[in-house]
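Residue-level structure breakdown
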Amino acid sequence: MGKLTTHVLDTARGRPADGLDVQLFRLEATGWELVAEDTTNHDGRLTAPLAEGADFGPGEYELLFHVGAYLERAGFDLPRPKFLDIVPIRFGVAEDGHYHVPLLISPYGYSTYRGS
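The structure displayed is predicted, hence computed values, not measured ones.

What counts and what doesn't
- Residues numbered from 1 in each chain as written.
- Predicted model: local features only at pLDDT ≥ 70, side-chain atom pairs only at ≥ 80, totals over all residues.
- Heavy atoms only, no water.
- Helix = DSSP H or I, 4+ residues; strand = E, 2+ residues; numbered from the N terminus.
- Buried < 20%, exposed > 50% of the residue type's maximum accessible area, 1.4 Å probe, protein only.
- Contact = heavy atoms within 4.5 Å.
- Areas by Shrake-Rupley, 256 points an atom, 1.4 Å probe, with all protein chains shown as cover.
- Lys, Arg positive; Asp, Glu negative; His and termini not counted.
- Charge placed at Lys NZ, Arg CZ, Asp CG, Glu CD.
- Pairing = 2+ DSSP bridges.
- Core = buried A, V, L, I, M, F, W, Y, C linked by side-chain atoms within 4.5 Å.
- Salt bridge = Lys/Arg side-chain N within 4 Å of Asp/Glu carboxyl O.
- Polar contact = N/O pair within 3.5 Å; in protein donor to acceptor, adjacent residues only side chain to side chain.

**Structural notes on the overall build of the protein chain**
Along the protein chain, the regular secondary structure elements total 1 helix and 11 strands. Starting at the N terminus and ending at the C terminus, the protein chain contains elements arranged as β-β-β-β-β-β-β-α-β-β-β-β. Dimensions of the protein chain, computed from the C-alpha atoms along their principal axes, are close to 40 × 30 × 20 Å. Classification of the 116 residues of the protein chain by burial places 41% in the buried group. Partitioning the intrachain contacts of the protein chain with sequence separation of at least 6 by distance along the chain shows that 62% fall at a separation of at least 24. For the protein chain, the exposed area adds up to about 6,300 Å²; of that, 49% sits on carbon and sulfur atoms. Between the averaged position of the 10 positive side-chain charges in the protein chain and that of its 17 negative side-chain charges there is a distance of 6 Å.

This is how it looks when you write it as structure tokens:
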């Protein structure tokens, strides 16, 4: 069975993003359904996989990273409205396996990839 993990790095400060809220949704016939939510720890990681086993199989998913709130708490002077607030990452799972979706953030940009 598969599992999903993530971590977030604050590239502007050169450290893990501690205290960033993350939500995971799965596309169902009735729309997007919340599967899990958690907050990153001092290492920028979640304490457990967001989903695994029967809760994480083939399908379409969306991660929502609440970057704007984190950046405000980190002390960045952000414009109104914020350039980045909630960063969505939609991805598909075609087969069982470990999916690691990291996020690298700054107040004006982000990047992601499928990690291992």
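Next comes the rest of the description.
**Side note on the sheet that holds strand β3 (residues 15–16)**
The strand order β3-β2-β10-β11 describes an open sheet built from 4 strands, whose pairing is mixed. In the strand order of this sheet, the two ends are held by β3 and β11 (109–112), each with one partner. In terms of strand pairing, strand β10 (residues 103–106) meets β11 through 4 bridges, oriented antiparallel. If you follow I105 over to β11, its bridge partner there is Y110.

**Describing the nonpolar core**
By size, the foremost hydrophobic cluster in this structure holds 27 residues, and its most contacted members are L4, L20, L63, F65, F91 and I105. Elements supplying a minimum of two residues to this core: β4 (21–28), β7 (59–66), α1 (67–73), β8 (86–93) and β10. Among the elements that take part in this core, β8 stands out by supplying 4 residues, more than any other. Excluding residues within four positions of it along the chain, I105 makes contact with V8, L9, D10, T11, A12, A17, L20, V67, Y70, L71 and Y110.

**Let's talk about the pattern of salt bridges**
The tally for this structure, following the rule as stated, stands at 6 salt bridges. The salt bridge involving R26 is made with E28; its shortest N-O contact spans 3.2 Å. Between R90 and E62 there is a salt bridge; the shortest N-O distance is 2.9 Å. Within this pair, whereas R90 is found in strand β8, its partner E62 is found in strand β7, the two being separated by 28 residues in sequence.

**Observations concerning the sheet that holds strand β6 (residues 51–52)**
Strand order in this open sheet of 3 strands is β6-β1-β9, and the pairing throughout is mixed. Strands with a single pairing partner mark the edges of an open sheet, and in this sheet they are β6 and β9 (98–100). In this sheet, β9 lies alongside strand β1 (residues 3–5) in parallel orientation, the contact comprising 3 bridges. Residue K3 lies in a different strand from β9, and its bridge partner there is H98.

**Here's the deal with the side chain of Q23**
By the secondary structure assignment, Q23 is in strand β4. Among the residues examined, Q23 registers a relative accessible area of 16% and is labelled buried. For Q23, the side chain forms a polar contact with the side chain of H66, separated by 3.0 Å. Those residues in contact with Q23 that lie beyond four places of it in its chain are L34, A36, E37, E62, L63, L64 and H66.

In short, the description is geometric, and any link to function would need to be established separately.
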